[in-house]
Amino acid sequence: MSEPLTTPGEGFHPHLHQTAGHPAEPLHTRLHHIRAGALDGDTAQTGGMRRFAAVSGRTVGSEKLWMGQTHVAPSTSSSDHHHGESETAIYVVSGHPEFVFLDDSGPRPEEVRLRTSPGDYIFVPPFVPHREENPDPAEEAVVVIARSTQEAIVVNLPRLYALRAAEA
């Protein structure tokens, strides 16, 4: 079971073959190995955090999915933002990031703060304004993010507020 590690970008899927008149596209006929050190930092950003793409349309030819990491430095808060039509799932790898949004389901809008730990998950529905905060003065917070769109949609906002359907 001690197979050698694959080289970056290498992939193999023996059951996919080209058919006459329909050559298979190289990006869609193999698995892709993206090493931790090869993440792409050239993606949409929000102040106070840094996003790195692993799986995207640009990196591997993904058509329906974006996945990567976000790093929030100690004692830092991101800008308020939303991710457009994209659903976002977040897995906390390290640190204790807090996710803040405005709940306007009651008589008055109320700021809600979700405090997380490694191993926790967060789901962010489309168009929901939020921000990430890392209150820890010493430890960086790192999360893995998966989105239902092939690129990282980021719409930075001037403040945290609930969007109405017409605003989305």
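Structure: see above.
The rules behind these values
Residues numbered from 1 in each chain as written. Predicted model: local features only at pLDDT ≥ 70, side-chain atom pairs only at ≥ 80, totals over all residues. Heavy atoms only, no water. Patch = residues over 30% accessible without salt bridge, like charges linked within 9 Å, V, L, I, M, F, W, Y side chains within 5 Å. Areas by Shrake-Rupley, 256 points an atom, 1.4 Å probe, with all protein chains shown as cover. Salt bridge = Lys/Arg side-chain N within 4 Å of Asp/Glu carboxyl O. Helix = DSSP H or I, 4+ residues; strand = E, 2+ residues; numbered from the N terminus. Buried < 20%, exposed > 50% of the residue type's maximum accessible area, 1.4 Å probe, protein only. Pairing = 2+ DSSP bridges.

S.K.: Any chance you could explain a nonpolar patch on the surface here in plain terms?
M.R.: On the surface, a cluster of nonpolar side chains totalling about 320 Å² of accessible area is made up of Tyr91, Val93 and Tyr121. Along the polypeptide, tyrosine 121 turns up in strand S8 (residues 121-124). Assessed through its relative accessible area of 63%, tyrosine 121 is described here as exposed.

S.K.: Would you mind showing me how to read the pattern of salt bridges here?
M.R.: Pairing between side chains of opposite charge can happen when their charged atoms approach one another. A complete count under the given rule lists seven salt bridges for this structure. Put simply, arginine 113 and glutamate 98 hold a salt bridge, and the shortest N to O gap is 2.9 Å. Of this pair, arginine 113 sits in strand S7 (residues 110-115) while glutamate 98 sits in strand S6 (residues 98-103), placing them 15 residues apart in sequence. Residue glutamate 98 is classed as buried on the basis of its relative accessible area of 10%. For the salt bridge of arginine 131 with glutamate 133, the shortest nitrogen-to-oxygen distance reads 2.7 Å. The same class applies to arginine 131 and to glutamate 133, which are both buried.

S.K.: What should I look at first to understand the pairing of strand S2 (residues 66-72) in this one?
M.R.: Within a regular beta strand, the side chains point alternately toward one face of the sheet and then the other, so they alternate between its two faces. Of all seven residues in S2, five are buried; the element is thus mostly enclosed. Pairing between strand S1 (residues 50-55) and S2: five bridges, direction antiparallel. Across the sheet, alanine 53 pairs through a bridge with glycine 68, a residue of S2. Here seven bridges tie S2 to strand S10 (residues 141-147), and the two strands are oriented antiparallel to one another. Looking at the pairing, tryptophan 66 lines up with arginine 147 of S10.

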